[in-house]
Amino acid sequence: MSEYQYYEFLALDRPLDEDDVRQVRALSTRADITATRFVNEYHWGDFKGDPTKLVEELYDAHLYYANWGSRRLLLRLPAGSLTAKEANAFAMDEALGVWSRSGHTLLDFSVSSEDGGEWEFETSYTLSAFVGLRAELAAGDLRPLYVAWLAGLTVWELAEDDEGNYAREIEPPVPAGLASLTGPQRALADFLGVDADLLAAAAEGSGPATADVVDRTALAAFIAALPAADKDALLVEAALSTASPGPRLLARYRAATTVPVPRGGTGRRTAAELLDTAYRRRTDRSRREKVAQAAAEQARARAAAEAREARLDKLAENTEQAWREVDDLIGRKHASSYDAAVVLLGDLRALEARTGGTTDFDRRAGELRLAHRGKPSLMQRFDGMGIPSS
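Residues numbered from 1 in each chain as written. Predicted model: local features only at pLDDT ≥ 70, side-chain atom pairs only at ≥ 80, totals over all residues. Heavy atoms only, no water.

Student: I keep staring at unusual backbone geometry and nothing clicks. Help me out?
Tutor: Outside of glycine, negative phi angles account for most residues, and trans bonds account for most peptide bonds. Positive phi is not limited to glycine here, since S102 has a value of about 50 degrees. Position of S102 among the secondary structure elements: in the loop between β6 (96–101) and β7 (104–111). A relative accessible area of 64% places S102 in the exposed class. The phi angle at K333 is positive, at roughly 60 degrees, despite the residue not being glycine. Structurally, K333 can be placed in the loop between α13 (319–331) and α14 (335–353). (Helix = DSSP H or I, 4+ residues; strand = E, 2+ residues; numbered from the N terminus. Buried < 20%, exposed > 50% of the residue type's maximum accessible area, 1.4 Å probe, protein only.)

Now the structure itself:
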């Protein structure tokens with residue numbers, strides 16, 4: 001397979017000005033570039049720019065993947081929407097990096113192939129699948145960060161890392177709703193290669209998802225009770241066309257009105273506990289799948305046997321007609337006709353075997369072989385059936 005790399009950038013909170021566009025255009029002459037989007041595919045060569053620097057200075061989102069296994073999603077949010085301190089609770093070198101720059105929090109979701117092999121991806125990702133994560137995070141939904149932490153554990157498990165790390169690593173705060181991820185969150189889990197059984201194991205310690213529907217009356221009362229200074233700051237932010245204040249306001253509302261759901265148990269789990277639970281789930285699922293597969297195969301075998309018995313019953317009504325049909329099929333001198341003749345001969349042998357022997361069948365089949373000994377292709381099929389010459 002030839003080399004393949006995909007680069008995409010989006011400016012969501014503020015479009016690039018003409019100077020910005022010229023700056024980006026100098027980095028790639030073949031890319032599709034507008035004031036809000038940059039996209040290019042490389043089948044040879046590399047992008048000349050620094051994606052990290054471009055997101056720190058110009059763009060709000062960046063997507064990259066290559067067919068040798070590297071995957072990266074870089075998001076920039078106003079620090080007021082999500083602080084680096086909040087996000088760092090989920091950071092892991094193998095999957096999520098967090099830092100601050102110029103009033104923004106940068107989130108670097110990335111994984112790489114450990115064995116250097118090519119990454120077989122069936123879906124061509126674009127940033128449209130992931131940009132919804134910014135609004136979710138700004139609204140206080142931290143599931144994307146926990147998903148990234150699980151991606152790091154998946155890398156650990158695949159790498160068979162030092163088990164001592166598993167026992168020392170404690171999971172970050174478990175957000176609600178891990179069992180019912182949103183569309184962007186499911187796309188992120190798939191993109192980062194999060195193990196499905198590990199995600200299910202983690203969801204056992206997660207409460208139900210917060211309802212997406214907001215009570216307008218309750219929200220209006222909450223906003224009415226906000227200090228005037230807070231309202232003024234939100235209006236100034238909206239007027240300056242920076243990031244929409246809506247998600248941050250919803251985050252404050254939900255934090256103030258949502259009753260925490262107790263997790264139960266003894267507290268946060270270790271990576272070892274999660275990986276052990278995932279292993280048990282994987283083993284149980286594999287066992288159930290094998291049992292179901294065996295049952296399905298048995299059902300297919302029974303159905304095939306019943307169908308053949310019904311066919312033999314029908315054949316018993318006129319065996320001489322069947323022998324004439326065998327002669328006719330052989331006389332056509334086609335491979336498909338020979339195959340059909342052999343199938344019919346097999347049925348005739350099975351029908352006679354019902355009575356305890358195949359003497360008459362062996363005699364007549366041997367005569368057929370002798371009569372058509374000059375047909376090598378047919379003789380090969382007779383050899384496969386074990387039909388000797390008479």
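Student: It is not clear to me how α14 should be interpreted in this structure. Could you clarify?
Tutor: Between the first and last C-alpha of α14 there are 27 Å, a value that for 19 residues agrees with the 27 Å anticipated at 1.5 Å per step. Among all positions of α14, only S337, Y338, A341, V342, L344, L345, G346, D347, L348, L351 and E352 are buried. On the buried face of α14, the contacting elements are α12 (271–316), α13, α15 (359–371) and α16 (376–385). (Expected span 1.5 Å × (residues − 1). Contact = heavy atoms within 4.5 Å.)

Student: What should I look at first to understand the pattern of salt bridges in this one?
Tutor: As enumerated under the stated definition, the model contains 26 salt bridges in all. A salt bridge links R381 to D339; the shortest N-O distance between them is 2.7 Å. Here D339 lies in helix α14 and R381 lies in helix α16, a separation of 42 residues in the sequence. Its relative accessible area of 39% is what places D339 among the partly exposed residues. Close ionic contact of R363 with D360 constitutes a salt bridge, the shortest N to O distance being 2.6 Å. Taken together, the positions of R363 and D360, both in helix α15 and three residues apart, correspond to about one turn of that helix. Classification of R363 by relative accessible area gives partly exposed; the value is 42%. A relative accessible area of 34% places D360 in the partly exposed class. A single salt-bridge network, built from bridges that share partners, covers D195, D197, R282, R285 and E289. (Salt bridge = Lys/Arg side-chain N within 4 Å of Asp/Glu carboxyl O.)

Everything listed here is a matter of geometry and, on its own, says nothing about what the molecule does.
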